[in-house]
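# Coordinate inspection notes
Single-letter residue listing:
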Amino acid sequence: MNAYADSHIGLVRTNNEDSSRIIELPKKMNLLIVADGMGGHNKGEVASGMAVECIKKYFDKNKDLIEDYLEATDNEKALGDRILQDMKEAINYANSEITKLSTTDEYKMMGTTVVIAAIYRGFLYVANVGDSRWYILHGGKNASLEQITRDNSLVQQLVDLGEITHEEAETHPQRNIITRAVGIDSKVETDVYRVQVSMNDILMLCSDGLTSMVSDKEIEKILKDSTTIEAKTKKLICKALKNGGRDNITVICAEIDEVEHG
C-alpha cells in the first residue's frame, strides 16, 4: 500500500488540533489514523494526540498476539471480527486514558474524534467515533466516490429522520455538532465497517476541516487525477484552503497496490 499523510492549521485557527499516523503492523497490515480534537473544549490538540499515541501503543503492546491470529485464522469473517475487535479495544483504551486526564481542571472536557482503518488481505476494516471520515474510490473507468463511515453528528441524525437532505446537511449551520467523541464519557460506542478492496482503489480519511470546505464531488475529481498519492493529498488540502480554510485540515490518501489473499 502506498500512503501519504499531511495536515494544515488552516486560515482561521491559531493551533492545529488534528493528529494523524500511518503505522505498519505485522504481516503487511497497515493502520491509518486521523483524530480531530474538539475545538470547542480545552486542549483538543492534547486529546487527538493522546488518541493516536494510545492506539499505536495498544497495537505495539499486542503485536505478537495480532501476528499469531493473522497467521492462524483463515476464515475471513472470523479474522475480520478479530481485527475490528482489536480496533474497538484500542479506541476504548484511548478513551480511558483521555477520560482520566479530562477530569483535571487543566484538561476538563477535552475530547476528540477518531477514525482508524486496517487494510489486510483485500479488505478494509474501519472503526469510527465522531465526524472524521473514510472514503473509497474504487478503481476502474467508471469509479465513483463512496463514503464508508457515517457521521456521529446532529445533522446526520436529521438526515436519517428525513428532516433534511444530504445536500442540506453539507451547509447546515449545526453541521459541526457531534454526538459522540473519545474522552468525554467513561464508555464510548464505536461504529465498525468492513469493505472489500481491489487493486488501484484509492482510500482517503480526513478531518472535517476538509469535508466542511470541499464537496464530495470536488474530492472525487481530485482523487481521480492522474497524479501521485502525495500530490492528491496536497491538492485536497489546497482546495480546502482556497475554499476558506476555516478549520484544521488533515488528510491521508492511500492506494491499494497489492492485494494478498489468505
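Residues numbered from 1 in each chain as written. Predicted model: local features only at pLDDT ≥ 70, side-chain atom pairs only at ≥ 80, totals over all residues. Heavy atoms only, no water.

### Describing the nonpolar core
Rules: We call a set of buried Ala, Val, Leu, Ile, Met, Phe, Trp, Tyr and Cys residues a nonpolar core when their side-chain atoms join them within 4.5 Å. Residue exposure (1.4 Å probe, protein chains only): buried if accessible area is under 20% of the type maximum, exposed if over 50%, otherwise partly exposed. Numbered from the N terminus, helices here are DSSP runs of H or I no shorter than four residues, and strands are runs of E no shorter than two. Any two residues whose heavy atoms approach within 4.5 Å are treated as being in contact.
Grouped together as the largest cluster of nonpolar side chains are 37 residues, with contacts concentrated most on Ile55, Phe59, Ile83, Met87 and Ile91. At the level of elements, strand E2 (18–25), strand E3 (29–37), helix H1 (44–61), helix H2 (63–72), helix H3 (76–102), strand E4 (112–120) and strand E5 (123–129) are the ones that each hand at least two residues to this core. The residues contacting methionine 87, other than those within four sequence positions of it, are Phe59, Ile116, Ala117, Ala118, Tyr125, Val126 and Ala127.

### Overview of the sheet that holds E4
Basically, it comes down to this: Strands pair, by our definition, only if DSSP identifies at least two bridges between them. As a rule, the C-alpha atoms of each element are fitted with a line to give its axis, helices using only the stretch in contact, and angles between N-to-C directions run from 0 to 180 degrees.
As summarised here, the arrangement of the five strands in space is E2-E3-E4-E5-E8, forming an open sheet in which the pairing is antiparallel. Single-partner strands in this sheet number two, and they are E2 and strand E8 (191–196). Pairs of neighbouring strands in the sheet enclose a mean axial angle of 15 degrees, with direction left out of account. Of the pairings in the sheet, the one linking E3 to E4 comprises eight bridges and is antiparallel in character.

### Here's the deal with the pattern of salt bridges
Stated formally: The term salt bridge refers to a pairing of a side-chain nitrogen on Lys or Arg with a carboxyl oxygen on Asp or Glu at a separation within 4 Å.
What the rule picks out here adds up to 16 salt bridges. A salt bridge links aspartate 6 to lysine 234, with the shortest nitrogen-to-oxygen separation between them at 3.2 Å. Taken together, the positions of aspartate 6 in strand E1 (residues 2–8) and lysine 234 in helix H8 (residues 229–242) put the pair 228 residues apart, joining distant regions of the chain. Here lysine 234 falls in the partly exposed class, since its relative accessible area comes to 35%. The partner of lysine 27 in a salt bridge is glutamate 71, with the nearest N and O atoms 3.5 Å apart. In this pair, lysine 27 sits in the loop between E2 and E3 while glutamate 71 sits in helix H2, placing the two residues 44 residues apart along the sequence. Salt bridges sharing common partners tie together Glu76, Lys77, Asp81 and Arg194.

### Here we look at the side chain of serine 212
Stated precisely, the cut-off is as follows: Whenever two N or O atoms come within 3.5 Å, that pair is a polar contact, provided that in protein one can donate a hydrogen and the other can accept it, and provided that, for residues adjacent in sequence, both atoms are side-chain atoms.
By the element assignment, serine 212 lies in the loop between helix H6 (208–211) and helix H7 (216–223). Polar side-chain contacts of serine 212 include one of 2.6 Å to the backbone oxygen of aspartate 208. Every residue in contact with serine 212, bar those within four places of it in the chain, is listed here: Arg175 and Arg246.

### What to know about unusual backbone geometry
Non-glycine residue lysine 27 carries a positive phi angle of around 60 degrees. Even without being glycine, lysine 28 reaches a positive phi, approximately 60 degrees. With respect to the element layout, lysine 28 can be found in the loop between E2 and E3. Accessibility expressed as a relative area gives 57% for lysine 28, which makes it exposed.

### Some words on the packing of H7 against H8
How two helices sit against one another is set out by the angle between their axes and by the gap between those axes. Quick note on the threshold: Working rule for angles: under 35 degrees goes down as roughly parallel, over 145 as roughly antiparallel, 65 to 115 as roughly perpendicular, anything else as oblique. Put simply, a crossing is left-handed when the front helix is turned counterclockwise from the back one by less than a right angle, and right-handed when it is turned clockwise. The nonpolar class holds Ala, Val, Leu, Ile, Met, Phe, Trp, Tyr, Cys and Pro. Asp, Glu, Lys and Arg form the charged class, and all remaining residues, Gly among them, are polar.
Two elements in contact, H7 and H8, have axes separated by 9 Å at closest approach and are oriented at 150 degrees. Regarding the angle of H7 to H8, the classification is roughly antiparallel. Seen along the crossing, H7 lies across H8 with a hand that is right-handed. Here Glu218, Ile219, Ile222 and Leu223 of H7 come into contact with H8, specifically with Lys232, Lys235, Leu236 and Lys239. Class assignment of the residues belonging to the contact of H7 with H8 gives a composition of four nonpolar, no polar and four charged.

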